[in-house]
Every structure is written in structure tokens, then in C-alpha cells.
Amino acid sequence: MKKCLVFLFLLANFVRIFAQQQLNFQINWENEPLILSKNYFSNFNKDSLKIEKLQFYVSDICLLKKGKIVYKLLPKYKLIDLENPNSQQIKFKTKKKFDAVQFNLGIDSLTNASGAKSGDLDPRLGMYWAWQSGYINLKMEGHSPICTSRNQFFQFHLGGFLNNFYAIQKIQFTVNQQNMNVKLQIDKFFEQVNLSQQHEIMSPNQKAVVLSQIIANSFKID
Amino acid sequence: MYKTIIIFIAVVFLLGCVAYQPQKLPYPQHIPASAYNFKENNYKEEKINLGRFLFYDPNLSADGTISCASCHSPYNAFAHTDHNLSHGIKDQIGRRNAPALFNLAWHSSFMWDGAIQHLDMQALAPIEDEREMDSDISQVVAKLQKSPIYPELFRLAYGSNEISSERILKALAVFQLSLTSFDSKYDQVKQQKAIFTEQEEKGYQLFLTHCNTCHTEPLFTNLDFANNGLPLDTTLRDYGKGAITLQAKDSFLFKIPSLRNLSYTYPYMHDGRFSKLSQVLTHYQKGVQKTTNLHPNLANGLPLTANEKVDIIAFLLTLDDAKFVFNPKHQFPKELINN
């Protein structure tokens, strides 16, 4: 009996040490996974819309215990892509206990100003402004009949790392489990953005900062 | 016996230490320390050579007609002469005069409006601009991967023949960093290898009084931005840095260019509106338009007589660096002809 208990104890520890933990980033529309190019109805805009591209950077993901960082997840920069489910999972392994998770939506100013990079920061991925320095933190494109733009196209390229237009957003959630599902409720964004007035942002400016805050507030965890 | 072996190993080790000196960007003693972070992108002969091939290769453009050198010619100190506004793919006219490229290791912002914050990333702008090369870095990577010459050049530069955007951008940066121009008559005077003529010396003193605040020696730029009182060209409506930062205080601010190699880099100003140095000095003497953020030194124009303007120009010509302009190491790699 004693041997058996010892074995169970060791097994439990073994599972705890070697079990892969996972942080998932899901993109939802009203609590269901968002489907690319599917028509959704926005109550606030009183019209339909479809999202044809949604990519965003998360960076410096870390776990906290009583406000102190106890573990940093890798990679340091992760491009989450609606079209690539693999990009939406981050696996990690730690014995450390934690009560909160924190990450940045976007790329910090130091990284923005420190030269050519590879991996998820490769400028080939289309998340870098060529005509001026800087990563695009979030790119969302699609169509809605309410947009007055050519072909009713909307495009939100949110970024900026200089002075007044620093668009990066720090997001923190308390957690009580090993596996975490962070959800971007994209329907919440369209409850606050009037597509007939605002459908194009393609450079760092005040609107990009405001919309980045709206995106940041559209995250939740469970 | 053991002693001999140990001594032998020690000698080999020490010789190895002496022989292994990482390469460094060379520049003379009267020049301040450079700003570029070489720890992230080491300075290496083979990488400079790769960057030189890329710089002169028209395959960086969508239709294989435009290279970096199309607008940054070595014989013009890597500027674009003859045209006030530079032109790119399919003879499209751009918005500005392509600036000269030299001593870039001392700069930490780029373009006339400071839109670019790091030299590595600068090349993306002309590669993607539809009036310049109208391509993108993915296309460039794909083209180079099919090339018969590049895999070997990448291997020599980086140790493996992988071709990536990071490697392309860093090699282009290092080639441009290697373009240092510190061998003008002025530099020789500073190193006591030459002396100014009487007129050049007079011009130098006038320069120190009137111009050195912004065009600070020995780089002949303080690397900052300023409104130098040029009236707005209403056909271009170019607000410079203001269009990037969206701040009123930055309207009409443009990067202060170096005054080295002026004989090779005409026309002058961001829109190439002046073709002669005398026109530039006449602007500073009596053409300055007053606006709220005009550089304070220009508030009343520069009080220069006709003779003083001639003296200043005599001094400015001592900043020409023919050895830099005609340096064969910076020029077109002939191996590209049949590529």
C-alpha cells in the first residue's frame, strides 16, 4: 500500500513536470470560433460584414505570481493568424505556480527600431510597413456593404511605436488553471467601430491607438 | 617533451588570438564614434561584397530594370543628379531627390522625413514603392534563390547558403555602412597633411559662424531635422517630417544633409529645386520664408556679401572626396553582367 502511494505520488509529479501546458488564442464571434469570409451581422452597424484576414502579434507573454513575473513563454514574438490554427497555440512547460498571464498586443518600440529580424518578425510576412519603419501590430481586412470605400472594403492596419502614437497594448488576466484560452471577441470591436465612418487605417496615428485599445478590451480569458 | 607540447600549444593559441581580429568599420581619428550597432550585424568583407551585388542588381525591382544604384550612383556620391525628383520603374517620377549615401553608420534615422528608424529596414521602402522598384521582399528572396551566383555569395557572407530577407537587408546595410567618405582636403587639413588656401580658410571661418550649427563638422550634419525656410512647392505639398509624425511642430522639417561631396550630388534640397550652390546660399541670404518653426538661426536670413558667398563655396569644395567617389571597391560588380 505504501509503495503504491509512493508510486502514485511520483506519477503525479511526473505528470506535473512533463505535461505540456498550453496557451490558446482563439478568435471568436459571439462565443463561436470566427470563420474566415463568413457573413456575420453587426447589430451596431446594422449590416453584414465578413472578415477575410486577421493577423496580430502577441509578444512578451509571461506568467505572474502575486504581480511578479515567474516564467516567460517562448517565442518572444508570435504572429497569430486566423487562417493558421497552429499559430494560435503556444505550448510551454513549467513547474512554477502562477496566478496571472500577461502579454503585449503588438511589438515594442525597441524591437521596432533594432534592425532586420527573422522568424515571425520576418518582413516577408507582410506585417511590416515598408515606407516607414515599424511593425503592423494587427491587420484586419474584409468587406461590409456599409463601407463607403471602393468595393466596400475595410482595412485596419494598426501599429506605431513612436511618441504619441505608440499602439502596443499590455493585457493581463488572472488565471487559475494550467491551460488557458485567451479569446479575442472580435464582435465586440464592431460594436464600437462605426464602419460607415471608419474603414481604413493604414498608418500610425491617434485613431490607430484608439482602435488598438478597443481590440485590447475585446480580449477575455476562460 | 610534455613541456615542449604545452609551449607549442600556448604559442599557437596566442598567435591565434593575435591573428583573429574582428573586422571593424575604419575611420580616421578626427571622426566621432559611429552609431550603428555592429553587434547585431557584424562588419565583414564577404558580407560587404554580397551587399554590393544586391545594391547593383536590378532584379530587386519588379521588372528587372531598377537597382539601388539607379538612383544612388557611385559617381554622384550615391545620389541622383540631373533630375530634381528621382525616377524609378517605368520612368515614374518620385516625390523627392534621392539623397547621397555615405557615412550612414553615424545616422540613426533615414529618408528626408525620418520615416525609417534603422538602416537595415530602409531598403524595404524603395523595394516596395510602386514608383521606385514596385516589388516586395518575398519576390526578391524568390528571385535570388533561383540565381546561379547568390547562394555562394550568401555562403561566403553568412556561412550557409540560405537566402532570407533578414540576410538580404543586413548585407545591403553593411555595404552602405562601408561607404565612408573621410578623405577630402578638409580631412587632410584636419590630419595636418594639407593646408587650406587663404580663400578656403576665410570660407571655413564664415562656415563656422553661419552654417556649423546645423551642418556640424566633421560629419557636416548634426543628424537632426530642420525647417530651413524653403517656400512650399504647391505641386508637391511635401510637409516632410510633419507628414510622418502628424505633429504641427514637425511641418516642413527635413533631414539636414551632409555638405560633403556637394560637387557630385547636385541638385540640392529634398526636391532638388536648386542646381547650383550659389542658389542655395542666395536662398539662405534672402529667400528664407518665415514660419513658426523656422530654424532660429535663419530668422533674419544669413548676412552674407557676394564675396563671402564665394569664399564659403571655396571652402565647401574642400569637402569633395574624389577618392571616395571613384573607389573601385564601391562600384558595379562585373559578375552581375551575365546574371
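Note that the structure is predicted; figures quoted are calculated from it, not measured.

J.: Looking at this structure, how should I read the overall build of chain B?
T.: When helices and strands are tallied, chain B shows 14 helices and 2 strands. What you see for chain B is a C-alpha radius of gyration of 22 Å, in line with the 20 Å of a compact globule of 339 residues. Across its three principal directions, the C-alpha atoms of chain B cover 80 × 50 × 35 Å. With 339 residues in all, chain B has 52% of them scored as buried. If you take every contact in chain B between residues at least 6 apart in sequence, the share linking residues at least 24 apart comes to 68%.

J.: Can you walk me through helix α7 (residues 150–158) of chain B in this structure?
T.: Each α-helix winds once per 3.6 residues, and so residues spaced three or four apart point in a common direction. Residues and elements named next belong to chain B. Of the positions making up α7, those classed as buried are Tyr 150, Leu 153, Phe 154 and Ala 157. The buried residues of α7 occupy an angular sector of 100 degrees when the element is viewed end-on, so they sit on one face. Along its buried surface, α7 packs onto α2 (45–56), α6 (137–146) and α8 (165–177). Once α7 finishes, Gly 159 follows within two positions and takes phi at roughly 95 degrees, a positive value.

J.: Can you walk me through the side chain of B:Arg96 in this structure?
T.: All names here are of chain B. Mapped onto the elements, Arg 96 comes out in the loop between α3 (68–71) and α4 (119–122). Separated by 2.9 Å, the side chains of Arg 96 and Asp 113 make a polar contact. Among the polar contacts made by the side chain of Arg 96, one reaches the side chain of Asp 238 at a distance of 2.7 Å. Other than its neighbours up to four places away in sequence, Arg 96 contacts Asn 84, Leu 85, Ser 86, Trp 112, Asp 113, Asp 238, Gly 240, Phe 254 and His 270.

J.: Whenever I open this one, a nonpolar patch on the surface confuses me. Can you help?
T.: Residues B:Tyr2, B:Ile5, B:Ile6, B:Phe8 and B:Ile9 make up a contiguous nonpolar surface patch of about 610 Å² in total accessible area. Along the chain, B:Ile9 turns up in helix α1 (residues 2–19).

J.: How should unusual backbone geometry be read in this particular structure?
T.: Only a minority of non-glycine residues have a phi that is not negative, and only a minority of peptide bonds are not trans. The step from A:Leu74 to A:Pro75 runs through a cis peptide bond, and the omega angle for that step is 0 degrees. One can find A:Pro75 in the loop between β5 (68–72) and β6 (77–81). Note the cis peptide between B:Glu217 and B:Pro218, where omega equals 0 degrees. For A:Glu30, which is not glycine, the phi dihedral falls at a positive 50 degrees. Looking at the element boundaries, A:Glu30 is found in the loop between β1 (21–29) and β2 (32–33). On the basis of relative accessibility, which here comes to 45%, the residue A:Glu30 falls in the partly exposed class. In this model, B:Asp82 sits at a positive phi of 75 degrees, which is unusual for a non-glycine residue. Examined against the element boundaries, B:Asp82 turns out to sit in the loop between α3 and α4. By relative accessible area, B:Asp82 is classed as exposed at 66%.

J.: I'm lost on the environment of B:Phe8 in this one. Help?
T.: Structurally, B:Phe8 can be placed in helix α1. With 106 residues separating them along the chain, B:Phe8 and B:Gly114 place their C-alpha atoms 56 Å apart.

J.: What is the right way to read the interface of chain B and chain A from this model?
T.: Often the size quoted for an interface is simply the accessible area lost on bringing the parts together. Facing 20 residues of chain B, the contacting portion of chain A comprises 21 residues. Buried surface at the junction of chain B and chain A, both sides included, amounts to about 1,800 Å², of which 59% is carbon and sulfur. Taken together, chain B and chain A are joined by 0 salt bridges. Our count for the chain B to chain A interface comes out at 9 residue pairs in polar contact (both at pLDDT 80 or more). Among the elements of the structure, α4, α5 (124–128), α6, α8 and α11 (241–245) of chain B are those that each provide at least two residues to the side of chain B that touches chain A. The dominant element in the side of chain B that touches chain A, judged by the number of residues it contributes, is α8(B), at 4 residues. Class assignment for the residues of the side of chain B that touches chain A results in 10 nonpolar, 6 polar and 4 charged.

J.: Is there a simple way to explain the pairing of β1(A) in this structure?
T.: Residues in a regular strand project their side chains so that they alternate between the two faces of the sheet. Residue and element names in this part refer to chain A. Across the 9 residues that make up β1, a large majority, 8, are buried. The sheet contact formed by β1 and strand β7 (residues 89–92) spans 4 bridges and is antiparallel. The residue bridging Asn 24 from the neighbouring strand is Gln 89, located in β7. By the bridge criterion, 6 bridges tie β1 to strand β12 (residues 180–185) in an arrangement that is parallel. Looking at β12, one finds that Asn 28 is bridged to Gln 185. Inspection of the sheet shows β1 paired to β2 by 2 bridges, in the antiparallel sense. Within β2, the residue paired with Trp 29 across the bridge is Glu 32.

J.: Help me out: how do you make sense of the confidence of the model for chain A in this one?
T.: Low pLDDT marks stretches whose predicted atomic positions should not be read closely. The predicted model of chain A averages 92 in pLDDT, with 92% of residues at 70 or higher. Mean pLDDT values for the elements of chain A range from 60 in helix α1 (residues 2–18) of chain A up to 98 in β6(A).

J.: What am I meant to see in the packing of aromatic side chains here?
T.: Two aromatic rings, taken as a pair, are described by how far apart their centres are and by the angle between their planes. Taken as a whole, this structure holds 39 aromatic pairs over all chains when the rule is applied. Judged by centre distance (4.9 Å) and plane angle (85 degrees), the rings of A:Tyr128 and A:Tyr135 are edge-to-face. Accessibility expressed as a relative area gives 7% for A:Tyr128, which makes it buried. We classify A:Tyr135 as buried; its relative accessible area is 2%. Plain terms: the ring middles of B:Tyr27 and B:Trp106 are 4.9 Å apart, the flat faces sit at 75 degrees to each other, and that makes the pair edge-to-face. You can see B:Tyr27 sitting in the loop between α1 and α2 and its partner B:Trp106 sitting in the loop between α3 and α4, a full 79 residues away along the chain. For B:Trp106, a relative accessible area of 4% gives the class buried. Across the ring face of B:Phe225, the terminal group of B:Lys241 is positioned such that the distance to the ring centre comes to 4.8 Å. One Lys or Arg, B:Lys255, reaches over the ring of B:Phe110 and ends 5.8 Å from the middle of that ring.

J.: Mind showing me how you'd approach the nonpolar core here?
T.: In summary, soluble globular proteins display a tendency toward joint burial of nonpolar side chains. Among the nonpolar cores identified, the biggest contains 69 residues, and B:Leu54, B:Phe55, B:Tyr150 and B:Ile168 are the most heavily contacted of them. Take this core: its biggest share by element is 8 residues, from α8(B). With sequence-adjacent residues up to four places away left out, B:Leu54 is seen in contact with B:Leu60, B:Cys68, B:Leu144, B:Tyr150, B:Ile168, B:Ala171 and B:Leu172. In terms of nonpolar packing, the next biggest core, distinct from the first, is built from 46 residues, A:Leu63, A:Phe98, A:Leu158 and A:Leu195 among them.

Procedures and definitions
- Numbering of residues begins from 1 in every chain and follows the order in which that chain's sequence is written.
- Ligands are numbered from 1 and chains lettered from A, in the order in which they are written.
- With pLDDT at 70 or above as the cut-off, local features in this predicted model cover only qualifying residues; side-chain atom pairs require 80 or more to be listed or tallied, and sums for whole chains, interfaces and linings still use all residues.
- Hydrogens and water are ignored here; the side-chain numbers use all heavy atoms of the structure.
- Runs of H or I in DSSP of at least four residues are treated as helices and runs of E of at least two as strands, each being numbered from the N terminus.
- Put simply, the radius of gyration uses C-alpha atoms, and a globule should come to 2.2 Å times the residue count raised to 0.38.
- Relative accessibility thresholds used throughout: buried, under 20% of the residue-type maximum; exposed, over 50%; partly exposed, between the two (1.4 Å probe, protein chains only).
- In what follows, residue pairs with any heavy atoms lying within 4.5 Å of each other are defined as contacts.
- Note that the arc is computed from the directions linking the helix axis to the C-beta atoms.
- Pairs of N or O atoms within 3.5 Å make up the polar contacts considered here, provided that, within protein, one atom can donate a hydrogen while the other can accept it, and that residues adjacent in sequence are counted only when both atoms are side-chain atoms.
- Patch rule: a residue counts if its relative accessible area is over 30% and it has no salt bridge; like charges are joined within 9 Å, and nonpolar side chains (Val, Leu, Ile, Met, Phe, Trp, Tyr) within 5 Å.
- To be clear on the numbers: accessible area is Shrake-Rupley with a 1.4 Å probe, and residue cover counts the displayed protein chains and nothing else.
- Basic side-chain nitrogens of Lys or Arg form a salt bridge, by our definition, when they fall within 4 Å of a carboxyl oxygen of Asp or Glu.
- Summed over both partners, the accessible area (1.4 Å probe) lost when two parts come together is defined as the buried area.
- For this classification, the nonpolar set comprises Ala, Val, Leu, Ile, Met, Phe, Trp, Tyr, Cys and Pro, the charged set comprises Asp, Glu, Lys and Arg, and every other residue, Gly included, is treated as polar.
- Strand pairing is assigned whenever DSSP identifies at least 2 bridges connecting the two strands.
- As a per-residue measure, pLDDT reflects the predictor's confidence and takes values from 0 up to 100.
- Only rings of Phe, Tyr and Trp enter the pairing, Trp through its six-membered ring, and a pair is recorded when the two centres are within 6.5 Å. The plane angle decides the type: under 30 degrees is stacked, over 60 is edge-to-face, the rest tilted.
- Any Lys NZ or Arg CZ found within 6 Å of a ring centre and within 35 degrees of that ring's normal is scored as a charge over the ring.
- The criterion is simple. A nonpolar core is a set of buried Ala, Val, Leu, Ile, Met, Phe, Trp, Tyr and Cys residues joined through side-chain atoms within 4.5 Å.

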